[in-house]
2 protein chains.
Amino acid sequence: MMGALELVGESRCFGGRQLRFAHRAASLDCDMHFAVYLPPQAESEPVPVLYWLSGLTCNDENFTTKAGAQRYASAHGVALVAPDTSPRGEGVPDDPEGAWDFGLGAGFYVNATNAPWSAHYRMYDYVLEDLPAALAGLPLDTSRAAISGHSMGGHGALVIALRNPGRFRSVSAFAPICSPTRCPWGEKALGNYLGDDRAAWESYDSTCLIRLAGEHLPMLVDQGEADGFLAEQLRPELLREAAQEAGYPLTLRMQPDYDHSYYFISTFIGEHIAFHASHL
Amino acid sequence: MMGALELVGESRCFGGRQLRFAHRAASLDCDMHFAVYLPPQAESEPVPVLYWLSGLTCNDENFTTKAGAQRYASAHGVALVAPDTSPRGEGVPDDPEGAWDFGLGAGFYVNATNAPWSAHYRMYDYVLEDLPAALAGLPLDTSRAAISGHSMGGHGALVIALRNPGRFRSVSAFAPICSPTRCPWGEKALGNYLGDDRAAWESYDSTCLIRLAGEHLPMLVDQGEADGFLAEQLRPELLREAAQEAGYPLTLRMQPDYDHSYYFISTFIGEHIAFHASHL
């Protein structure tokens, strides 16, 4: 059933199964881990998929251990698929100073074109190609898919959905980096991964992409007002502006007092899963 | 409001507040951290308290980040108080070989009487005395209290409740170490903390205490059948036997396929909080 996947962890959870897999990722030229939660409904029929992209410094386990999402996935019959956030392994270059906002744990869901990053840092292709292919043996209906994520992963979810609306039925994000071409985290990452030509960066900026979108997806974004990264790095007002100008149906909710942590995500993940389930 | 408490962390969560405090613990002669979740109801009136005792290697943060308990605490108007699992700090002795099942992170909720442990390892007194006293400035009604825990913390919850039935209205446990006088983890811990006199160990063994109980509390225990520690370390059959012989009203539920992880706890913590709330 698992094909070239190696099952490296399994726990019963809310009547379903929390799984962890290892596999070889062609796009990234390295071995990767990802997590899958199969709700109990998957025992009798293929279930739709919600992809979750995590933020800076995370791997595939942060969401599965901290969000409390399995409860809602079980209730709605939706599988959760959570990849790692960057290529990994001995041959994969890291930030030369070991910074946490670039390199390992900070792939930004782009296809790097700039050496030395271009050999491995191709998380955009990994999420769109390798990961769905790796799921082939599981009881999933990947034609019914949605995507969500947090912070850097919120940026990834928005960008991947906006560029591939035919692949997803809905998109959501928690505290996304809305415009990486206009914030320090994004400028550092895109400058290194893509090089100095800022025009190339725009294909990874949701505020640019949303203006070009032909097809509209249901889009839900939650942002905590007490998030310490809000004003400098996340900038949801730029996404709201761009959506308004483009006539894109964005629901952006500012949540008073919530910060950037999984306490924020755990509070609203149930509403996000219900939102996606209504479109799946 | 906080008295001698130092507030070291605060996040909004499910409409309430997830707090982390530092304070000086007289019983332990060291500085300690503990976590408090205040549900939204605490903004208008004092709320009852569920104490949570964690297992080996844990600190006060495992439960607050992984159990997903805040959702249910918010729904039922119950506060969650989660202490660390042992004394901490430079002067506190650890297992000489750095073992994970004894010393730091493994206080076993006893008052040690054996040197060098007796100077700091007094987690029984800490949970019963220092911790409730430290809560005095918070909007809590500590006269309405319940207690629960996991593994070593399940042992702690059962022992503390059985010895102090007037202090708690209900008790529950996930995969508790039911009889530390009759399992390797317990024999190592009690032998070191209490010395060689096995008679002294019995006041920290729920299967001994339950036979002596004059007052009965509502008691709920969940145990996963796929728990790798079940047969050798946890031994719930000994608790069931003792409860039956003593006529103590224990509800012990064996949960097929569940393991020892927080995936198990997160699945059933909602039912435990509802159970406690019905007695608070």
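For clarity, every value in this text was computed on a predicted model and none was experimentally measured.

Draft legend 1. Structural view of unusual backbone geometry. For the peptide bond that leads from Ala115 of chain A to Pro116 of chain A, omega is 0°, which places it in the cis range. With respect to the helices and strands, Pro116 of chain A occurs in the loop between strand 5 (79-83) and helix 3 (123-134). In this structure, Phe108 of chain A is a non-glycine residue whose phi angle is positive, near 60°. Tracing the backbone through its elements, the reader meets Phe108 of chain A in the loop between strand 5 and helix 3. The exposure class of Phe108 of chain A is buried, given its relative accessible area of 0%. Of note in the backbone geometry, Phe14 of chain B takes a positive phi value of approximately 50° without being a glycine. The residue Phe14 of chain B is located in the loop between strand 1 (6-13) and strand 2 (16-25) in this model.

Draft legend 2. The arrangement of the packing of helix 3 (residues 123-134) of chain B against helix 4 (residues 152-163) of chain B in detail. Residues and elements named next belong to chain B. One can describe the packing of helix 3 onto helix 4 by two numbers: an axis separation of 11 Å at closest approach and a directional angle of 60°. One finds that helix 3 runs oblique with respect to helix 4. Helix 3 and helix 4 meet at a crossing whose hand is right-handed. Each of Tyr124, Val127 and Leu128 in helix 3 lies in contact with helix 4, whose residues at this interface are Val159, Ile160 and Arg163. Per-class residue counts for the contact of helix 3 with helix 4 are 5 nonpolar, no polar and 1 charged.

Draft legend 3. The arrangement of the environment of Met32 of chain B in detail. Residues and elements named next belong to chain B. By the element assignment, Met32 lies in strand 3 (residues 30-38). Judged by relative accessible area, which is 1%, Met32 ranks as buried. Sequence spacing of Met32 and Thr85 is 53 residues, and the spatial spacing of their C-alpha atoms is 9.9 Å. Excluding residues within four positions of it along the chain, Met32 makes contact with Phe21, Ala22, His23, Ala25, Asp84, Ser86, Pro87, Arg88, Met123 and Tyr126.

Draft legend 4. Region of interest: the UniProt feature "active site" (unreviewed entry) in chain A. All names here are of chain A. Per the UniProt entry, the sites bearing "active site" (unreviewed entry) are Ser151, Asp227 and His260 in this numbering. These annotated residues cover 110 residues of sequence, and their C-alpha atoms all fall within 10.8 Å of one another, placing them together at a single site. The residue Asp227 is located in the loop between strand 8 (219-224) and helix 8 (230-234) in this model. Each residue touching Asp227, except ones within four places of it in the same chain, is listed here: Ala175, Leu234, Tyr258, Asp259 and His260. Looking at the element boundaries, His260 is found in the loop between strand 9 (250-255) and helix 10 (262-277). The contacts of His260, once residues within four sequence positions are left out, are His150, Ser151, Ala175, Asp227, Phe229 and Leu234. At a separation of 2.9 Å, a polar atom in the side chain of His260 contacts the side chain of Ser151.

Draft legend 5. Main features of the relation of the copies chain B and chain A. The two copies are related by a screw operation: chain B maps onto chain A through 180° of rotation and 0.0 Å of translation along the axis, at an RMSD of 0.0 Å. Here the two chains are linked by the operation of a two-fold rotation axis. An overlap of 100% is found between the interface residues of chain B and their copies at the interface of chain A, pointing to a shared contact surface.

Draft legend 6. Main features of the nonpolar core. Ranked by internal contacts, the top residues of the largest apolar core, which has 196 residues, are Phe34, Ile147 and Tyr193 of chain A together with Phe34, Ile147 and Tyr193 of chain B. Contact partners of Ile147 of chain A, with chain neighbours within four places excluded, come to Leu50, Tyr51, Leu53, Val127, Ala157, Ile160, Ala161, Phe168, Ser170, Val171, Ser172 and His276 of chain A.

Draft legend 7. Spotlight on the packing of aromatic side chains. All names here are of chain A. Counted under the stated rule, the structure contains 32 aromatic pairs over all chains. Considering the side-chain rings of Trp117 and Tyr121, the 5.6 Å spacing of their centres and the 80° angle between planes classify their relative orientation as edge-to-face. Judged by relative accessible area, which is 0%, Tyr121 ranks as buried. An aromatic cluster of at least three residues, connected via ring pairs, comprises Trp52, Phe63, Phe174, Tyr258, Phe264 and Phe268. Of note, Arg163 hangs over the ring of Tyr204, and the distance from its end group to the ring centre comes to 4.9 Å.

Calculation criteria
Residues numbered from 1 in each chain as written. Chains lettered and ligands numbered in written order. Predicted model: local features only at pLDDT ≥ 70, side-chain atom pairs only at ≥ 80, totals over all residues. Heavy atoms only, no water. Helix = DSSP H or I, 4+ residues; strand = E, 2+ residues; numbered from the N terminus. Buried < 20%, exposed > 50% of the residue type's maximum accessible area, 1.4 Å probe, protein only. Axes fitted to C-alpha atoms, helices over the stretch in contact; angles between N-to-C directions. Parallel < 35°, antiparallel > 145°, perpendicular 65-115°, else oblique. Left-handed = near helix turned anticlockwise from the far one by under 90°. Contact = heavy atoms within 4.5 Å. Nonpolar A, V, L, I, M, F, W, Y, C, P; charged D, E, K, R; others polar. UniProt positions renumbered as here; feature names shortened; annotations may be inferred. Polar contact = N/O pair within 3.5 Å; in protein donor to acceptor, adjacent residues only side chain to side chain. Least-squares fit on C-alpha atoms with pLDDT ≥ 70 in both. Core = buried A, V, L, I, M, F, W, Y, C linked by side-chain atoms within 4.5 Å. Phe/Tyr/Trp six-rings, centres within 6.5 Å; stacked < 30°, edge-to-face > 60°. Lys NZ or Arg CZ within 6 Å of the ring centre and 35° of its normal.

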